[in-house]
Amino acid sequence: TRCSPGALCWKRVSCAFLKAAEEVKVLKQTPNRQEISSLYGLYKQATVGDIDIDAPGMFSFVAKEKWNAWNAKKGLSKEDAEVEYIKVVESLKEKYGI
């Protein structure tokens, strides 16, 4: 996915974030659960902001893991979350290849 001027990318970081979000989908190997959890939390913080939903029940294991990952990023600005997400994706590209 390319960002054209004036389209979805209002700033350079957002363009790199959108690119990273596409690149992570085509890694040669699936990241581990911790890496996926980190990506999820950063992606939600970058795109939505602070978590705005109640914690799921304790038997909703996947939902609870996602909620915890996002909640851990609470207070991080959307811009900082984008930058962190890009860094994580870059490290995963080095680790797993693309």
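Residues numbered from 1 in each chain as written. Predicted model: local features only at pLDDT ≥ 70, side-chain atom pairs only at ≥ 80, totals over all residues. Heavy atoms only, no water.

The line we're drawing: UniProt positions are given in the numbering used here, feature names are shortened, and annotations may be inferred rather than shown by experiment.
Looking at an unreviewed UniProt entry, the protein carries the name ACB domain-containing protein, with the source organism given as Periophthalmus magnuspinnatus. UniProt lists a comment for the protein under the heading Sequence similarities (unreviewed entry), and it reads "Belongs to the ACBP family."

### Focus on a nonpolar patch on the surface
Operational definition: Excluding any residue in a salt bridge, patches collect residues exceeding 30% relative accessible area, merging like charges within 9 Å and nonpolar Val, Leu, Ile, Met, Phe, Trp and Tyr side chains within 5 Å. Accessibility throughout is a Shrake-Rupley quantity obtained with a 1.4 Å probe, and a residue counts as covered only by protein chains that appear here. Take a side-chain nitrogen of Lys or Arg and a carboxyl oxygen of Asp or Glu: if they are within 4 Å of each other, that pair is a salt bridge. Numbering of helices and strands runs from the N terminus, with a helix taken as a DSSP run of H or I at least four residues long and a strand as a DSSP run of E at least two residues long. Summary of the burial criterion: residues with accessible area below 20% of their type's maximum are buried, those above 50% are exposed, and those between are partly exposed, where the area comes from a 1.4 Å probe applied to protein chains only.
Side chains of Met 58, Phe 59 and Phe 61 sit close together on the surface and give an oily, nonpolar patch of about 440 Å² of accessible area. Summarising the element assignment, Met 58 is placed in the loop between α2 (33–47) and α3 (61–71). With a relative accessible area of 63%, Met 58 lands in the exposed category.

### Digging into the confidence of the model for the protein
Parts of the model with low pLDDT should not have their predicted coordinates read in detail. To be explicit about the condition: Confidence scores labelled pLDDT are given residue by residue by the predictor and lie between 0 and 100.
Across the protein, the average pLDDT comes to 90, with 88% of residues at 70 or higher. Taken element by element, the protein is modelled with least confidence in helix α1 (residues 12–23), mean pLDDT 90, and with most confidence in α2, mean pLDDT 97.

### Looking at the nonpolar core
The cut-off we apply is this: Only buried residues count toward a nonpolar core. Its members are Ala, Val, Leu, Ile, Met, Phe, Trp, Tyr and Cys residues joined through side-chain atoms within 4.5 Å. Residue contacts are counted whenever heavy atoms from the two residues lie within 4.5 Å of one another.
Within the largest apolar cluster, 15 residues are counted, with the highest numbers of intra-cluster contacts made by Val 24, Leu 39, Tyr 85, Val 89 and Leu 92. For this core, the secondary-structure elements that each account for two or more residues are α1, α2 and α4 (78–96). If we ignore the near neighbours within four places in the chain, the residues touching Leu 92 are Val 24, Leu 27, Pro 31, Glu 35, Leu 39 and Gly 97.

### Focus: the packing of aromatic side chains
Basically, it comes down to this: The aromatic pairing rule takes the rings of Phe, Tyr and Trp, using the six-membered ring of Trp, and pairs them if the centres are within 6.5 Å, calling planes under 30 degrees apart stacked, those over 60 edge-to-face and the rest tilted. Placement of a positive charge over a ring is assigned whenever Lys NZ or Arg CZ falls within 6 Å of the ring centre and within 35 degrees of the normal to the ring plane.
Applying the stated criterion to the full structure yields three aromatic pairs. For the ring pair Phe 17 and Tyr 43, a centre distance of 5.6 Å and an interplane angle of 25 degrees mean the geometry is stacked. Taken as a pair, Phe 17 in helix α1 and Tyr 43 in helix α2 lie far apart in primary sequence, 26 residues in all. Under the relative-accessibility criterion, Phe 17 is labelled buried at 5%. Aromatic ring contacts, followed pair by pair, group Phe 17, Tyr 43 and Tyr 85 into a single cluster. The positively charged end of Lys 44 is found above the aromatic ring belonging to Trp 70, 4.8 Å away from the centroid.

### Some points on the side chain of Lys 93
We count it as follows: Definition of a polar contact: a pair of N or O atoms within 3.5 Å, with one able to donate and the other able to accept a hydrogen when the atoms are protein atoms, and with sequence-neighbouring residues admitted only if both atoms are side-chain atoms.
Here Lys 93 shows up in helix α4. Here Glu 23 takes part through its side chain, which lies 2.9 Å from a polar atom of the side chain of Lys 93. At 3.1 Å, the side chain of Lys 93 forms a polar contact with the side chain of Glu 90. Setting aside its immediate chain neighbours within four residues, Lys 93 contacts Glu 23, Leu 27 and Ile 98.

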